[in-house]
Amino acid sequence: MQIIVACLVVFAGVLLFFRWYKPFGGRSARGAWVQSANYKKRHFVNQIDTSMDMPAGESMSMVREMLRRDAHRKPPRPLKPHKLDIDALLDKPEPQLVWFGHSASLIRLAGKTLLLDPMLGKTASPFSFAGPKRFSQPPVAVEDLPHIDAVLISHDHYDHLDYPSIKKLAGKTTKFFVPLGLGAHLRKWGVQPGQIEELDWWDEAVFEGLTFACTPARHFSGRTLTDRFKTLWCSWVIQADHTKLFFSGDTGYGPHFKQIGDKYGPFDLTLLECGQYDKRWPNIHMQPEQTFAAHQDLRGKRLLPLHWGAFVLALHSWIDSVERVQKAARPFKAEVMTPKIGEAVAIRAKDYPHTPWWNEYL
């Protein structure tokens, strides 16, 4: 009997931990998204079949590879971010971009300051002492950022949605735009309901002269073992007077890129994921050659490769992704922008950063 009681106490403790530990996020009751075409049998779904099943043999091979030391998975020494001058950035009238590493980026557009997937924490996990650690300090602390007009979030994985970052941004951000269901996390972390707008795929929101379109991605969501597919994942189209941007979030390759390109393209700049891929999960992350194919589907003029340069989340070399994207683009003389982390660049400038700065660390 004592053993049964002890087991029940442990079980209850685990349940309470997962319910109340804030970095795991919140759970919201089913809302308007029950009527969404992307919500079926109490889960969100992709446009096309997106299996994530991995045979037992492949799972074991992945574990063996992860345990094997490989000096090329991360830089040999911490990356040194470019020093970001916030005041100078705010004074520039033309559209600007600052890449923070991985997928986090700051955009200055039409006099507004936007943040995309602002994961500026030390570890891509719910625990500060464990999980993938950042290659370098962010180019600017959240506390030193200016007022943020809008934060756009693609999905709720830890390398894109960071509890400490959101807590600090809550009081200095006008509006958070997120896919369906994700608002529950933000509300639990102190963001006021009036600051949050949740969108379904193909929904549009007009915000102070900008238009944000929530567009499809091929991925999944979840922050614990029990909430996979409970919130939607997405990509974003960002439009101002004469500038059009596309931000992919995380996604496998699929027909959604051509659909988005046909509806909203061409784009001045596509910000596309190109890292953390593996042949064992081909449907949820793109190989670099697929990244360039997606750029072409979107009718992009210039490409910024994302999802690399900050964390080890896969088994390939830390520079493999960006170099393969450049190689794929070369026969087409396509423009691939490779700014240093923290470097402010004009989005449409004729002269843009494209040199392999990472060679400094090899």
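Nothing here was measured: the structure is a model prediction, and the numbers come from that model.

Its location among the elements puts Ser105 in strand S4 (residues 105–109). Note on Ser105: relative accessible area 1%, which makes it buried. Ser105 has contacts with Val98, Trp99, Phe100, Leu114, Leu115, Leu116, Leu271 and Leu306, leaving out every residue within four places of it along the chain.

The next thing to look at is the pattern of salt bridges. Counted according to the given criterion, the structure contains 10 salt bridges. For the salt bridge of Lys301 with Asp268, the shortest nitrogen-to-oxygen distance reads 3.7 Å. Note that Lys301 is positioned in the loop between helix H7 (288–297) and strand S14 (302–306) and Asp268 in the loop between helix H6 (256–264) and strand S13 (269–273), a separation of 33 residues in sequence. Several salt bridges share partner residues, and in doing so they unite Glu289, Asp320 and Arg324 into one network.

Further remarks concern the packing of H7 against helix H8 (residues 320–329). The angle between the axes and the distance between the axes are what describe a pair of packed helices. Axis separation between H7 and H8 bottoms out at 8 Å; the angle between their running directions is 50 degrees. Relative to H8, the element H7 lies oblique. Judged by the sense of rotation from one axis to the other, the crossing of H7 with H8 is right-handed. Residues Pro288, Glu289, Thr291 and Phe292 of H7 form the contact with H8, whose own contacting residues are Ser321, Arg324, Val325, Ala328 and Ala329. Considered class by class, the residues forming the contact of H7 with H8 number 5 nonpolar, 2 polar and 2 charged.

Time to look at the environment of Asp53. By the element assignment, Asp53 lies in the loop between strand S2 (43–44) and helix H2 (56–67). With a relative accessible area of 68%, Asp53 lands in the exposed category. Separated by 228 residues in the primary sequence, Asp53 and Trp281 place their C-alpha atoms 8.4 Å from one another.

On to the sheet that holds strand S7 (residues 173–179), then. Taken in spatial order, the 7 strands of this open sheet run S8-S7-S6-S5-S4-S3-S16, and their pairing is mixed. In this open sheet, the two strands that pair with only one neighbour each are strand S8 (196–199) and strand S16 (344–346). The mean angle between the axes of side-by-side strands here comes to 20 degrees, regardless of whether they run parallel or antiparallel. Pairing geometry for strand S3 (residues 96–99) and S16, over 3 bridges, is antiparallel. Across the sheet, Gln96 pairs through a bridge with Ala346, a residue of S16.

For the rest of this paragraph, the subject is the environment of Ile196. Tracing the sequence through the fold places Ile196 in strand S8. In sequence terms Ile196 and Asp91 are 105 residues apart; their C-alpha atoms lie 28 Å from each other. Those residues in contact with Ile196 that sit more than four places away from it in its chain are Phe176, Val178, Gly183, Leu186, Arg187 and Val191.

For the rest of this paragraph, the subject is unusual backbone geometry. A cis amide bond, omega 0 degrees, links Gly265 with the succeeding residue Pro266. Mapped onto the fold, Pro266 is located in the loop between H6 and S13. With a phi angle near 65 degrees, Arg42 is a residue other than glycine that sits in the positive phi range. Of note, Arg42 is situated in the loop between strand S1 (39–40) and S2. Even without being glycine, Trp202 reaches a positive phi, approximately 80 degrees. Judged by its relative accessible area of 32%, Trp202 is partly exposed.

Attention shifts here to the nonpolar core. Residues Leu97, Phe177, Phe212, Trp236 and Trp318 are the most contacted members of the largest nonpolar core, which totals 65 residues. Sequence-distant contacts of Phe177, defined by excluding residues within four places in its chain, comprise Ala150, Val151, Leu152, Ile153, Glu197, Leu199, Ala205, Phe207, Phe212 and Trp236. Core analysis: the next-biggest nonpolar cluster, separate from the first, contains 27 residues, Leu106, Ile148, Tyr163 and Leu186 among them.

How each quantity is defined
- Residues numbered from 1 in each chain as written.
- Predicted model: local features only at pLDDT ≥ 70, side-chain atom pairs only at ≥ 80, totals over all residues.
- Heavy atoms only, no water.
- Helix = DSSP H or I, 4+ residues; strand = E, 2+ residues; numbered from the N terminus.
- Buried < 20%, exposed > 50% of the residue type's maximum accessible area, 1.4 Å probe, protein only.
- Contact = heavy atoms within 4.5 Å.
- Salt bridge = Lys/Arg side-chain N within 4 Å of Asp/Glu carboxyl O.
- Axes fitted to C-alpha atoms, helices over the stretch in contact; angles between N-to-C directions.
- Parallel < 35°, antiparallel > 145°, perpendicular 65-115°, else oblique.
- Left-handed = near helix turned anticlockwise from the far one by under 90°.
- Nonpolar A, V, L, I, M, F, W, Y, C, P; charged D, E, K, R; others polar.
- Pairing = 2+ DSSP bridges.
- Core = buried A, V, L, I, M, F, W, Y, C linked by side-chain atoms within 4.5 Å.

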